[in-house]
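# A structural walkthrough
Single-letter residue listing:
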Amino acid sequence: QDAVHRVTVTPLPQEAGVLCVLEDLSEVEQMGQMRREFVANVSHELRSPLTALTGFIETLKGAAKDDPAARERFLAIMEREAGRMNRLIRDLLHLSRVEAEERVRPTAMVDLVEILRSTKATLRPLAESSGVTVRLDLPDGLKTQVPGDADQLVQVFQNLMENAVKYGGAGGEVVVRLTPDSLPKAAALRIEVIDQGEGIDAQHLPRLTERFYRVDGHRSREKGGTGLGLAIVKHIVQRHRGRLKIDSTRGMGSTFAVILPSE
Ligand code: ADP
């Protein structure tokens, strides 16, 4: 019922009849709608930290000028808000970069074991402060390389493992498992990021990789989320001709599986 059509009727010369063109503009219309929503979302996400910053600048110039304790507190909040804007802009740039190209040029063979190990090390401070252990479950004697862009693949596993610690950390352990798999027409490797945390209601699953889609916006922002992480993951995985599968049950935890062709 959302279809949008355009009909153009042009008379043909010498009364030979009329040319009638019926165009389906639904897709164009839908893309325009999505673009408008995206711009509105970005503006909103940028405006809230900016409003906070402007407000605190005013307060620092006025009432809090001679109150060192208040000044410290306000400066800490301003730092946090500036950090939020920074992360948002960083993620927007990442997203626009990975959206721009359809397919990644297979630059090199990338070793997934190396990526998973270094990502685990990067996330150690966050995991420790959240009381979560990250365990890598890696196979013996398996070729663990895939063709791809190392920086982008790091980004994929960093986003997924960080989410597992942030949202799934209640279970105490995050397991990252690498196993052989297959895709139509190619051998593949499957990397699963498994948590035993809060899980996600089935109704949210189809929309989870949309830009700015969050199950709980307040919680995501509190944990420094931008709402763009899974959109970035989806695009990078697609560009590597891979698949992203999300399995989750409320209260039981989530499994985010990435399947990447290994040849
Ligand atoms: P964010 O920056 O908000 O983390 P993401 O795109 O990475 O954005 O994730 C989108 C939303 O999906 C999150 O806000 C969160 O509600 C939900 N989510 C992601 N990973 C998990 C997980 N492992 N467990 C539960 N919820 C998750």
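These notes cover the structure that comes with them. (Residues numbered from 1 in each chain as written. Predicted model: local features only at pLDDT ≥ 70, side-chain atom pairs only at ≥ 80, totals over all residues. Heavy atoms only, no water.)

### Remarks on the environment of Glu99
Note on placement: Glu99 falls in helix H2 (residues 68-100). A relative accessible area of 34% means that Glu99 is categorised as partly exposed. For the pair formed by Glu99 and Ile232, sequence separation is 133 residues and the distance between their alpha carbons is 8.4 Å. In contact with Glu99, other than residues within four places in its own chain, are Arg211 and His235. (Helix = DSSP H or I, 4+ residues; strand = E, 2+ residues; numbered from the N terminus. Buried < 20%, exposed > 50% of the residue type's maximum accessible area, 1.4 Å probe, protein only. Contact = heavy atoms within 4.5 Å.)

### Quick notes on H2
Helical periodicity: at 3.6 residues per turn, an α-helix aligns residues three or four positions apart in one direction. Look at H2: 48 Å from first C-alpha to last across 33 residues, which is about the 48 Å you get at 1.5 Å a residue. Listing the buried residues of H2 in full gives Ala70, Phe74, Met78, Glu81, Arg84, Met85, Leu88, Asp91, Leu92, Leu95 and Val98. Structurally, H2 contributes buried residues whose contacts are with helix H1 (26-61), helix H5 (150-168), helix H6 (217-222) and helix H7 (229-239). (Expected span 1.5 Å × (residues − 1).)

### Some points on the environment of Ala127
On the secondary structure map, Ala127 appears in helix H4 (residues 124-130). Look at Ala127 and you get buried, because its relative accessible area is 6%. Put simply, Ala127 and Leu160 are 33 residues apart on the chain and 13 Å apart in space, counted from C-alpha to C-alpha. The residues contacting Ala127, other than those within four sequence positions of it, are Val132, Val134 and Val165.

### Quick look at the packing of H5 against H7
Packed helix pairs are characterised by how far apart their axes lie and by the angle those axes make with each other. The geometry of H5 relative to H7 is characterised by a closest axis approach of 9 Å and an angle of 140 degrees between their N-to-C directions. On the basis of their axis angle, the class for H5 and H7 is oblique. In this structure, H5 crosses over H7, and the sense of that crossing is left-handed. Taking contact as the criterion, the partners of Gln152, Gln155, Val156, Asn159, Leu160 and Asn163 in H5 are, on H7, Gly229, Leu230, Ile232, Val233, Ile236, Val237 and Arg239. In terms of residue class, the contact of H5 with H7 is built from seven nonpolar, five polar and one charged. (Axes fitted to C-alpha atoms, helices over the stretch in contact; angles between N-to-C directions. Parallel < 35°, antiparallel > 145°, perpendicular 65-115°, else oblique. Left-handed = near helix turned anticlockwise from the far one by under 90°. Nonpolar A, V, L, I, M, F, W, Y, C, P; charged D, E, K, R; others polar.)

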